[in-house]
Amino acid sequence: QVQLVESGGGLVQAGDSLRLSCAASGRTFSDYAMGWFRQAPGRGREFVAGISRAGARTVGANSVQGRFTISGDTAKNTVYLQMNNLKPEDSAIYYCAADLRRPHPTAFVNYYDNWGQGTQVTVSS
C-alpha cells in the first residue's frame, strides 16, 4: 500500500501556472507507476499525465500537451504536475494515484490501486 497526499491547488486566473505535489509514503516511488487525474463536477475522472517507475517515461493527455509536465523526485518520494497556461476548463479536483502492478502509467482509472484525497484547482477567466 501507498499513502498519497496532494498539495498545491488553488484559485488562479487564466494563463497562470500552478505546481501540484504528490507526496508518497509506504513504498518508494521508484517501484511503481504514478498518474495524475482530474474530475470536474458532473464528469468522470480523466487521465491527465503519468510517469513510469523510476521516472523513465512520461505521458500526457492530448488536452494538456505542451502545457502540463509531470516529473518525479525519488529522493523526496514526490511526483509533481507543473501546469502552465491554465484555462478555465482545467478547473477540477486533481488526484494522484499509484499503480503498484505495472511499470508504466495508463489512462485507466481501475488500474490504479491507491489514491490521494485530491486538491482543488480553479481557473477563472
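In every chain, residue numbers begin from 1 and rise along the written sequence. For a predicted model such as this one, the threshold for reporting local features is a pLDDT of at least 70, and the threshold for listing and counting side-chain atom pairs is 80 or more; totals across whole chains, interfaces and linings nevertheless cover every residue. Each side-chain value is derived from all of the structure's non-hydrogen atoms; neither hydrogens nor water enter the calculation.

Participant: Help me get a handle on the environment of S17, residues and values and all.
Facilitator: Helix and strand assignments follow DSSP, with helices taken as H or I runs no shorter than four residues and strands as E runs no shorter than two, numbered in order from the N terminus. As for its position among the elements, S17 is in the loop between β2 (10-13) and β3 (18-25). Contact criterion: two residues are considered in contact whenever any of their non-hydrogen atoms come within 4.5 Å of each other. Apart from residues no more than four positions distant in its own chain, S17 is found in contact with V12, Q82, M83, N84, N85 and L86. Within the structure, the side chain of S17 is placed 2.9 Å from the side chain of N84, a separation counted as a polar contact. Two N or O atoms form a polar contact when they lie within 3.5 Å of each other; inside protein one atom must be a possible hydrogen donor and the other a possible acceptor, and for residues adjacent in sequence the pair counts only when both atoms belong to side chains.

Participant: Could you give an account of the pattern of salt bridges, with specific residues and numbers?
Facilitator: The salt bridge criterion pairs a side-chain nitrogen of Lys or Arg with a carboxyl oxygen of Asp or Glu, the two atoms within 4 Å. With the rule as written, the count across this model stands at 5 salt bridges. Linking R38 and D90 is a salt bridge whose minimum nitrogen-to-oxygen distance equals 2.9 Å. Taken together, the positions of R38 in strand β4 (residues 33-39) and D90 in the loop between β8 (78-83) and β9 (92-99) put the pair 52 residues apart, joining distant regions of the chain. You'll find R38 and D90 in the same group, each marked buried. Between R67 and D90 there is a salt bridge; the shortest N-O distance is 2.7 Å. Here R67, found in the loop between β6 (58-60) and β7 (68-73), pairs with D90, found in the loop between β8 and β9; they are 23 residues apart in sequence, far enough to count as distant. Think of it in three bands: with a 1.4 Å probe and only protein chains considered, a residue is buried below 20% of the maximum accessible area for its type, exposed above 50%, and partly exposed in between. When its relative accessible area of 1% is taken as the criterion, D90 is described as buried. Counted as one network, the salt bridges with shared partners bring together R38, E46, R67 and D90.

Participant: I'd like a description of the packing of aromatic side chains, backed by residues and values.
Facilitator: Aromatic pairs are defined between Phe, Tyr and Trp rings, using the six-membered ring for Trp, whenever the two ring centres lie within 6.5 Å; interplanar angles under 30 degrees are classed as stacked, those over 60 as edge-to-face, and all others as tilted. In this structure the tally under the stated criterion is 6 aromatic pairs. Residues F37 and Y112 carry aromatic rings whose centres are separated by 5.0 Å and whose planes lie at 80 degrees to one another, so their mutual orientation is edge-to-face. Residue F37 is found in strand β4, and its partner Y112 is found in the loop between β9 and β10 (114-115); the two are separated by 75 residues along the sequence. On the basis of relative accessibility, which here comes to 0%, the residue F37 falls in the buried class. Through a chain of ring-to-ring contacts, the aromatic side chains of F37, F47, Y95, Y112 and W115 assemble into a single cluster. Residue placement shows R19 over the ring face of Y80; its charged tip is 4.2 Å from the ring centre. Charge over a ring is defined by NZ of Lys or CZ of Arg lying within 6 Å of the ring centre and within 35 degrees of the ring normal. Above the ring of W115, the side-chain terminus of R45 is found at 4.8 Å from the ring centroid.

Purely geometric stuff here, so don't read any function into it on its own.
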